[in-house]
Amino acid sequence: VGRAKPMLSSKLFSYMGISGIFSPFTAEANYNNDQEDLLKGSSVLHELAHLKGVAREEEANFIAYLASRYSQEPAFRYSGTMLALINTTNRLSKVDRAAFNRVNALYNEGMRLDLTAHNKYWKDLEGELRQKAEAVNDQYLKSNGQSGGIETYEDMVSYLYALKEKTGSVNLN
């Protein structure tokens, strides 16, 4: 329930590395409409989770994944799956390179093309503004009890693991 609005200044937010933002002052969920389509749906769902009171970033990511699994829209389901895969492979690349390689080998050509376009989009916009915005967001999250700062987003993987342990799968439909 609720709607997310595209940000009027989406391109500026892209330069800051921001795919969505929730404003507690106006109770609005906003998403970056300029980003590649790959994670646009999960960005919308992530910000809507904040709108519903989910404050922690890893929880909002996990809720975005769960909501995507029940969406009637294939683009939202794909976006949520890719959000989960990106966070999982990012985590695996740090702790178990062999497992990372096994998961990465399962990607089909379409997934690889989407990931390449997604990564290129964000890479092309890197710069000093992004570094400063990430530092501000990192400090903001830490000052609000998320000690991992911007790394907290990736912590959705622990929820995915718990879901797999409880149900035997993370694919709910």
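See the structure above.
Residues numbered from 1 in each chain as written. Predicted model: local features only at pLDDT ≥ 70, side-chain atom pairs only at ≥ 80, totals over all residues. Heavy atoms only, no water.

> Where do I start with the overall build of the protein in this structure?
The helix and strand inventory of the protein stands at 8 helices and 3 strands. When the elements of the protein are put in sequence order from the N terminus, they spell out β-α-β-β-α-α-α-α-α-α-α. A compact globule built from 173 residues would reach a C-alpha radius of gyration of about 16 Å, and the protein, at 16 Å, matches this within 12%. Taken along its principal axes, the extent of the C-alpha atoms in the protein is 40 × 35 × 35 Å. Across the 173 residues that make up the protein, the buried fraction comes to 39%. Pairs at least 24 residues apart make up 58% of the contacts formed inside the protein by residues separated by at least 6 positions. When the accessible surface of the protein is summed, it comes to about 10000 Å², and 56% of that surface belongs to carbon and sulfur atoms. With 20 positive and 21 negative side-chain charges, the protein shows a separation of 3 Å between the mean positions of the two kinds. (Helix = DSSP H or I, 4+ residues; strand = E, 2+ residues; numbered from the N terminus. Rg over C-alpha atoms; globule rule 2.2 N^0.38 Å. Buried < 20%, exposed > 50% of the residue type's maximum accessible area, 1.4 Å probe, protein only. Contact = heavy atoms within 4.5 Å. Areas by Shrake-Rupley, 256 points an atom, 1.4 Å probe, with all protein chains shown as cover. Lys, Arg positive; Asp, Glu negative; His and termini not counted. Charge placed at Lys NZ, Arg CZ, Asp CG, Glu CD.)

> When you look at helix H6 (residues 109–124) in this model, what are you seeing that I'm missing?
Every α-helical turn comprises 3.6 residues, leaving residues that sit three or four positions apart pointing alike. The terminal C-alpha atoms of H6, which comprises 16 residues, lie 22 Å apart, in line with the 22 Å expected from a rise of 1.5 Å per residue. Turning to H6, its buried residues number three or more, namely Met111, Leu115, His118, Tyr121 and Trp122. Buried residues along H6 cover an arc of 125 degrees about the axis, so they all sit on one side. Exposed side chains of H6 directed beyond 90 degrees from the buried face belong to Glu109, Leu113, Thr116, Lys120 and Lys123. Taken together, the buried residues of H6 touch helix H1 (10–15), helix H4 (74–95) and helix H7 (128–143). (Expected span 1.5 Å × (residues − 1). Arc of directions from axis to C-beta.)

> Looking at this model, I keep getting lost on the packing of helix H2 (residues 40–51) against H4. Mind explaining?
For any two helices packed against each other, the geometry comes down to the angle between their axes and how far apart the axes lie. Contact pair H2 / H4: the axes reach a minimum separation of 7 Å and the direction vectors enclose 85 degrees. When the axis of H2 is compared with that of H4, the two are roughly perpendicular. Across from Lys40, Gly41, Ser42, Val44 and Leu45 in H2, the residues of H4 making contact are Phe76, Ser79, Gly80 and Leu83. (Axes fitted to C-alpha atoms, helices over the stretch in contact; angles between N-to-C directions. Parallel < 35°, antiparallel > 145°, perpendicular 65-115°, else oblique.)

> What is the right way to look at the sheet that holds strand S2 (residues 20–23) in this model?
In a beta sheet, neighbouring strands are held together by backbone hydrogen bonds and run either parallel or antiparallel to one another. Pairing is mixed in the open sheet, where 3 strands are placed in the order S1-S3-S2. For this open sheet the edge positions go to strand S1 (4–6) and S2, each flanked by a neighbour on one side alone. On average, each strand axis in the sheet is tilted by 30 degrees relative to the strand beside it, whichever way the strands run. Strand contacts of H2: S1, S2 and strand S3 (28–31), with the helix running at about 165 degrees to S3, the strand carrying the most contacts. (Pairing = 2+ DSSP bridges.)

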